[in-house]
Amino acid sequence: GDSVTQMEGPVTLSEEAFLTINCTYTATGYPSLFWYVQYPGEGLQLLLKATKADDKGSNKGFEATYRKETTSFHLEKGSVQVSDSAVYFCALSLKTYSGGGADGLTFGKGTHLIIQP
Amino acid sequence: NAGVTQTPKFQVLKTGQSMTLQCAQDMNHNSMYWYRQDPGMGLRLIYYSASEGTTDKGEVPNGYNVSRLNKREFSLRLESAAPSQTSVYFCATDTGTSNTEAFFGQGTRLTVV
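First, a word on scope: everything that follows refers to the structure included in this document.

## Observations concerning the overall build of chain A
Helix and strand counts for chain A come out as zero helices and 12 strands. When the backbone C-alpha atoms are referred to their principal axes, chain A occupies close to 45 × 30 × 20 Å. Taking all 117 residues of chain A together, 44% fall into the buried category. For chain A, the computed accessible surface area is about 5400 Å², with 49% contributed by carbon and sulfur atoms.

Now the structure itself:
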């Protein structure tokens, strides 16, 4: 079946360090890929997305590139801040443009990121 | 705009009790979802409703029922709660088309003792 694998944490970094969170996927079709972020006590919110090969999603200094050849969507940020401390989820969707196909998102297990001052 | 509203935020049940988790959205979206979040497991889809009047099972539907009351509301019912259903439950909604962003409620933390 479809699945998402991401590095498990916690990942602890110092402020201004470079961040990479690895994400790879397996899918029967051609998925859209997402990174969601969950701050303590809150629901998930979309961080960025990419819908086709070589697309780069970016937001708030975070970036991820859809690599079909390696089935990967790694999350990166050049200089992390304490406020980036959260749980990050990689996810895929196989919904077709018409709205058909598999419904819902398939999530990785989440990576807890802790940024120390 | 409230977005996606879940009630209650916290609940403690005894084994065998029943309860309904409520979800309402004011985004005029077609599709609604219920997920559960467990430590080390990420989020898993319980049930979804692609449009008003339809519901379908997700990855982990056993022990749950759902009702899509209207376009705004999608409820999740536990008929006889079990300790294995201790989890954080999230409702989500999207337009139902490809590449769309899902919007999540703040979650319901349920403990079954």
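## What about the overall build of chain B?
In terms of helices and strands, chain B carries zero helices and 11 strands. In chain B, the succession of α and β elements from N to C terminus is β-β-β-β-β-β-β-β-β-β-β. The C-alpha atoms of chain B give a radius of gyration of 13 Å, which matches the 13 Å a tight globule of 113 residues would have. Projected onto its principal axes, the C-alpha coordinates of chain B cover approximately 40 × 30 × 25 Å. Taking all 113 residues of chain B together, 50% fall into the buried category. Considering only contacts in chain B between residues 6 or more positions apart, those separated by 24 or more positions represent 54%.

## Quick look at unusual backbone geometry
Omega for the bond connecting Gly9(A) with Pro10(A) falls within 30 degrees of zero, at 5°, which places this linkage in the cis form. If you trace the backbone, Pro10(A) turns up in the loop between strand E1 (3–6) and strand E2 (11–14). For the peptide bond that leads from Thr7(B) to Pro8(B), omega is -5°, which places it in the cis range. Backbone geometry places Glu16(A), a non-glycine residue, at a positive phi of 75°. Turning to its location among the elements, Glu16(A) is positioned in the loop between E2 and strand E3 (19–21). Looking at Glu16(A), the relative accessible area reads 60%, which means it is exposed.

## Quick notes on the sheet that holds strand E7 (residues 64–68) of chain B
Residues and elements named next belong to chain B. Read across the sheet, four strands follow the order E1-E3-E8-E7 without closing on themselves; strand pairing throughout is antiparallel. Both outer strands of the open sheet, strand E1 (4–7) and E7, are each paired with one neighbouring strand and no more. If you compare each strand with its neighbour and ignore which way they point, the axes differ by 15° on average. For strand E3 (residues 19–25) and strand E8 (residues 74–78), the ladder comprises three bridges, and the chain directions are antiparallel. Within E8, the position partnered with Thr-20 by the bridge is Arg-77.

## Some words on the environment of Pro117(A)
All names here are of chain A. Note on placement: Pro-117 falls in the segment after strand E12 (111–116). Each C-alpha atom, one on Pro-117 and one on Glu-15, is 5.3 Å from the other, the two residues being 102 residues apart in sequence. Apart from the residues lying within four places of it in its own chain, the contact partners of Pro-117 are Glu-15 and Val-82.

## Concerning the interface of chain A and chain B
Listed per partner, the contact involves 22 residues of chain A and 22 residues of chain B. Together chain A and chain B conceal approximately 1800 Å² of surface at their shared face, both sides included; 52% is due to carbon and sulfur atoms. Counting across the chain A and chain B interface gives three residue pairs in polar contact (both at pLDDT 80 or more). Secondary structure elements with two or more residues in the side of chain A that touches chain B: strand E5 (32–38) and strand E6 (44–50) of chain A. Residue classes in the side of chain A that touches chain B are distributed as eight nonpolar, nine polar and five charged.

## A look at the sheet that holds E3(A)
All names here are of chain A. Read across the open sheet, the four strands follow the order E3-E9-E8-E7; overall the sheet is antiparallel. Sheet topology places E3 and strand E7 (56–59) at the edges, where each strand pairs with a single neighbour. Strand-to-strand twist across the sheet, computed as the mean angle between neighbouring axes with direction ignored, equals 15°. Where E7 and strand E8 (residues 62–65) come together, four bridges link them in antiparallel fashion. Paired with Gly-57 across the strands is Ala-64, a residue of E8.

Conventions used here
Residues numbered from 1 in each chain as written. Chains lettered and ligands numbered in written order. Predicted model: local features only at pLDDT ≥ 70, side-chain atom pairs only at ≥ 80, totals over all residues. Heavy atoms only, no water. Helix = DSSP H or I, 4+ residues; strand = E, 2+ residues; numbered from the N terminus. Buried < 20%, exposed > 50% of the residue type's maximum accessible area, 1.4 Å probe, protein only. Areas by Shrake-Rupley, 256 points an atom, 1.4 Å probe, with all protein chains shown as cover. Rg over C-alpha atoms; globule rule 2.2 N^0.38 Å. Contact = heavy atoms within 4.5 Å. Pairing = 2+ DSSP bridges. Axes fitted to C-alpha atoms, helices over the stretch in contact; angles between N-to-C directions. Buried area = accessible area lost by both parts, 1.4 Å probe. Polar contact = N/O pair within 3.5 Å; in protein donor to acceptor, adjacent residues only side chain to side chain. Nonpolar A, V, L, I, M, F, W, Y, C, P; charged D, E, K, R; others polar.

Everything listed is a geometric property; what it means functionally is a separate question.
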